[in-house]
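Chain by chain, the residues run as shown.
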Amino acid sequence: MEEILRVENLKKTFKLSRKQQALEKTKNKYKVAVNGLSFSAYKGEIFGLLGPNGAGKTTTLRIISTLIRADEGDAVVDGESVRKNPDGVRKKIGFLTGELKLEDFFTPDYLYDYFSALHDVPKEESERRKAKLFSRFGIEKFAHVKVGDLSTGMKQKVSLVISIVHDPDFIIFDEPTNGLDVITAKTVTDFLLELKNEGKTIVISTHIFSLVEKICDRVGIIINGKMTAEGNLKEITREKPLEEVFFDIYSREVGSDE
Amino acid sequence: MNKIFTVMKKELKRFFTDKRLLASLVLPGIMIFVIYSFMGSFFSDMFGEDPDKKFIIQTINAPSSFSDDLKATGLNAEVKAVEDKDASKEEVKNKSADILVFFEEEFERKLSEGEQPSVEIWYNTVNTQSQTAYNAVYGMIYSRSVEVKTVFVLNGGEGSYDLATKEETSAMIITMMLPFILMIFLFSGAMAVATESIAGEKERGTIATLLVTPIKRSSLALGKILALSVTAIVSSLVSFVGLIASLPKLMGGMGDIDMGMYGVGTYLGVLGVIVVTVVMFTVVLSIISALAKSVKEASQLALPVMFVVMLVGVSSMIGSGGANPRFWAYLIPVYNSTQCLAGLFSLSFDPLFFLITVITNILFIALGVYILAKIFNSEKIIYNK
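Report on the accompanying structure. Being a predicted model, the structure only gives us computed values, none of them experimental. (Residues numbered from 1 in each chain as written. Chains lettered and ligands numbered in written order. Predicted model: local features only at pLDDT ≥ 70, side-chain atom pairs only at ≥ 80, totals over all residues. Heavy atoms only, no water.)

## Details of the overall build of chain A
- Within chain A one finds 10 helices and 10 strands.
- By residue count, 51% of the 258 residues in chain A fall in the buried class.
- In chain A, 68% of the contacts between residues at least 6 apart in sequence involve partners at least 24 apart.
- Roughly 12600 Å² of accessible area belongs to chain A as shown, and the carbon and sulfur atoms make up 48% of that amount. (Helix = DSSP H or I, 4+ residues; strand = E, 2+ residues; numbered from the N terminus. Buried < 20%, exposed > 50% of the residue type's maximum accessible area, 1.4 Å probe, protein only. Contact = heavy atoms within 4.5 Å. Areas by Shrake-Rupley, 256 points an atom, 1.4 Å probe, with all protein chains shown as cover.)

Laid out in structure tokens, this is it:
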């Protein structure tokens with residue numbers, strides 16, 4: 001299998017403000033968000049990072065997408081290192097998170113063209129791809145309506161489309177179905193499977209077991225910034241429900257930490 | 001009543017326990033103290049009167065006691081008796097003498113006989129030295145008239161004793177007011193667009209969408225600054241045109257204001273200063289906006305900067321009297337723009353100082369763009385929510 005993403009011994013520590021120390025009920029000035037994380041994702045698969053809130057999933061994905069820098073370790077996307085060539089990595093990835101929002105003032109049509117230009121997509125190719133994606137998600141009906149006047153589901157569809165204007169082979173989705181209604185969530189998961197069938201490599205983060213079971217080929221369970229289990233979904237679960245397997249690992253890891 | 005106190009207590013707790021809000025309450029007072037103290041020493045160094053510099057006071061028919069009386073006022077003056085009234089007036093007009101004091105012939109005799117001899121003092125309002133000398137001598141002669149219980153006729157003749165031309169007076173009034181007002185307009189115009197730009201994107205979460213694209217951070221910073229600058233420049237130019245159009249009416253009470261006395265060159269110079277100053281304000285405010293957590297915080301952080309701009313703007317009033325700041329002062333942003341505008345409006349434009357101002361501001365703009373690009377690379381600041 002062709003390795004598209006290789007994460008090696010990733011470490012990231014954040015300095016806590018006094019407010020954060022109070023919230024975390026700790027006197028430590030630093031929090032280790034990601035602690036020596038390593039994993040790989042292969043061509044044409046969906047890899048799921050599963051873990052509770054604060055486990056380090058989003059931090060890991062932000063490092064891979066070059067939004068933040070790791071203290072140690074590296075992530076290599078299709079031969080490009082996030083540490084050595086972040087610009088090269090940005091050209092190769094699509095990144096979508098619930099935090100990625102669009103400016104209310106503009107229309108989906110305008111924003112699509114804008115992000116296409118930032119990704120250096122040739123005009124003709126951009127138009128062709130826009131027509132295809134807008135049709136796939138029914139965006140053409142509201143393509144000229146300002147984002148501020150769209151529903152949450154419509155906005156998420158537009159965000160999704162905009163994150164892949166450049167037709168990347170490697171796509172990162174941080175909590176792809178968070179906060180979505182069931183219909184939009186299904187549209188998103190169906191689209192992820194379509195992308196997989198087209199040969200794209202996808203890494204998602206989630207805490208929803210059913211989503212992992214439904215779409216992921218392989219999974220990595222992160223707890224307290226460490227990879228506690230990684231592998232084929234069937235190998236990890238061994239006929240047991242994923243939820244049960246996760247809580248077994250969680251009890252073991254958190255118990256051993258405390 | 002208890003509920004009033006409960007509400008009041010909560011509101012006061014909000015103001016006095018939030019460090020940022022508390023700072024915004026206290027900061028203006030501290031800023032005023034610091035900036036005025038700094039400006040005081042700065043201006044006294046820059047524009048302060050030279051203790052060795054003497055006022056040139058020319059007299060005709062002056063009584064013998066005039067020089068001693070003047071010394072008693074503490075005015076460091078060189079009193080020179082002249083004969084040609086018109087020649088002396090010309091000297092006051094071209095600033096080679098400060099004032100001309102003309103006593104009626106046989107002044108002392110007439111005074112002793114109870115007559116009311118006249119005294120006339122010619123001065124030049126566009127020369128601060130002349131103004132100071134005029135005020136001192138006028139006060140001295142008036143006090144003397146009270147002392148001897150004889151009313152002198154002080155400047156009782158027809159016509160103006162102010163030898164400044166209408167054009168010079170206009171230029172002086174404009175120089176006193178326009179750079180100050182203009183600097184505030186320029187800053188406000190930039191503030192209206194720049195504080196929202198990056199802090200707003202952070203607040204709405206749209207900045208991350210941009211940062212995952214392959215665009216270079218410096219291109220992003222430059223693109224934003226250029227767009228904001230164009231907007232701020234348009235806003236500033238509209239304000240400037242409005243100001244120029246309304247000035248004759250606004251300052252009509254201070255004399256005839258004629259904006260037509262300025263040539264195309266002056267207006268082009270003003271335009272040049274406006275452009276570099278607005279872009280510099282935009283860069284500074286964009287940096288503030290990038291450092292702030294929210295648009296509200298960006299506006300709060302921009303206020304102290306506005307104070308500085310306002311207080312520095314006042315320097316055009318102080319510096320308009322003719323004393324030109326030293327060369328290195330034109331290396332200070334904001335101050336150099338204010339002085340350049342003052343120079344242009346007072347018709348004492350110096351191309352060298354204009355050039356230094358433009359180059360200095362462009363260098364500061366380049367530095368600001370570099371800093372902003374660095375900020376876009378700083379995760380601590382971009383994710384500082």
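Anyway, onward from the coordinates.
## Observations concerning the interface of chain B and chain A
- Taken residue by residue, the interface counts 17 residues in chain B and 21 residues in chain A.
- Inspection of the region where chain B meets chain A yields 0 salt bridges.
- If you look at where chain B meets chain A, you find 1 residue pair in polar contact (both at pLDDT 80 or more).
- Within the residue set of the side of chain B that touches chain A, elements represented by two or more residues are helix 7 (166-204) and helix 8 (207-211) of chain B.
- The greatest single-element share of the side of chain B that touches chain A, amounting to 4 residues, is contributed by helix 8 of chain B.
- Of the residues in the side of chain B that touches chain A, the class split is 7 nonpolar, 5 polar and 5 charged. (Salt bridge = Lys/Arg side-chain N within 4 Å of Asp/Glu carboxyl O. Polar contact = N/O pair within 3.5 Å; in protein donor to acceptor, adjacent residues only side chain to side chain. Nonpolar A, V, L, I, M, F, W, Y, C, P; charged D, E, K, R; others polar.)

## What to know about a negative patch on the surface
Residues and elements named next belong to chain B.
- Together, Glu83, Asp84, Asp86 and Glu90 give the surface a local cluster of negative charge.
- Mapped onto the elements, Glu83 comes out in the loop between strand 2 (77-81) and helix 4 (85-93).
- Assessed through its relative accessible area of 79%, Glu83 is described here as exposed. (Patch = residues over 30% accessible without salt bridge, like charges linked within 9 Å, V, L, I, M, F, W, Y side chains within 5 Å. Lys, Arg positive; Asp, Glu negative; His and termini not counted. Charge placed at Lys NZ, Arg CZ, Asp CG, Glu CD.)

## Quick word on a positive patch on the surface
- A cluster of basic side chains, namely Lys15, Arg18 and Lys29 of chain A together with Lys19 of chain B, defines a positive patch on the protein surface.
- Inspection of the secondary structure assignment puts Lys15 of chain A in strand 1 (residues 3-15).

## Notes on the environment of Phe106 of chain A
- Examined against the element boundaries, Phe106 of chain A turns out to sit in the loop between strand 6 (93-97) and helix 4 (108-118).
- In contact with Phe106 of chain A, other than residues within four places in its own chain, are Leu111, Val145, Lys146 and Val147 of chain A.

## Details of the sheet that holds strand 8 (residues 201-206) of chain A
All names here are of chain A.
- If you walk across this open sheet you meet the 6 strands as 6-7-8-3-9-10, and the pairing is mixed. Here the strands that pair on one side only, and so sit at the sheet edges, are strand 6 and strand 10 (226-232). Taken over all neighbouring pairs, the strand axes of this sheet differ in orientation by 15° on average, direction set aside.
- Two elements, strand 9 (residues 218-223) and strand 10, share 6 bridges in a ladder whose sense is antiparallel. Paired with Arg218 across the two strands is Asn232, which belongs to strand 10.
- Along the sheet, helix 6 (residues 152-163) makes contact with strand 6 and strand 7 (170-174), crossing strand 6 at roughly 160°. (Pairing = 2+ DSSP bridges. Axes fitted to C-alpha atoms, helices over the stretch in contact; angles between N-to-C directions.)

## Describing the packing of aromatic side chains
- With the rule as written, the count across this model stands at 20 aromatic pairs over all chains.
- An aromatic cluster is present here, built from Phe209, Phe246, Phe247 and Tyr250 of chain A joined pairwise through their rings.
- Directly above the ring of Phe137 of chain A sits Arg136 of chain A, whose terminal nitrogen or CZ lies 4.9 Å from the centroid.
- Against the face of Phe102 of chain B rests Lys85 of chain B, its NZ or CZ located 4.3 Å from the ring centre. (Phe/Tyr/Trp six-rings, centres within 6.5 Å; stacked < 30°, edge-to-face > 60°. Lys NZ or Arg CZ within 6 Å of the ring centre and 35° of its normal.)

## Side note on unusual backbone geometry
- At Asn224 of chain A, a residue that is not glycine, the phi angle is positive and equals roughly 50°.
- Secondary-structure assignment places Asn224 of chain A in the loop between strand 9 and strand 10.
- When its relative accessible area of 39% is taken as the criterion, Asn224 of chain A is described as partly exposed.
- A positive phi angle, close to 55°, is found at Glu106 of chain B, a residue other than glycine.

## Brief notes about the sheet that holds strand 5 (residues 153-154) of chain B
Residue and element names in this part refer to chain B.
- Spatial strand order, 2-1-3-4-5: 5 strands in an open sheet with mixed pairing. The strands lining the two open edges of the sheet, one partner per strand, are strand 2 and strand 5.
- Along the sheet, helix 4 contacts strand 1 (55-60), strand 3 (99-103) and strand 4 (118-122); its crossing angle with strand 3, the most-contacted strand, is approximately 150°.

## Points about the packing of helix 10 (residues 264-291) of chain B against helix 11 (residues 295-313) of chain B
All names here are of chain B.
- One way to put it is that helix 10 packs onto helix 11 with a least axis distance of 9 Å and a crossing angle of 145°. The crossing of helix 10 and helix 11 is right-handed. Counting all contacts with helix 10, which are made through Phe281, Val284, Leu285, Ile288 and Ser289, the residues of helix 11 involved are Ala298, Leu301, Ala302, Val305 and Val309.
- Its residues placed into classes, the contact of helix 10 with helix 11 shows 9 nonpolar, 1 polar and no charged. (Left-handed = near helix turned anticlockwise from the far one by under 90°.)

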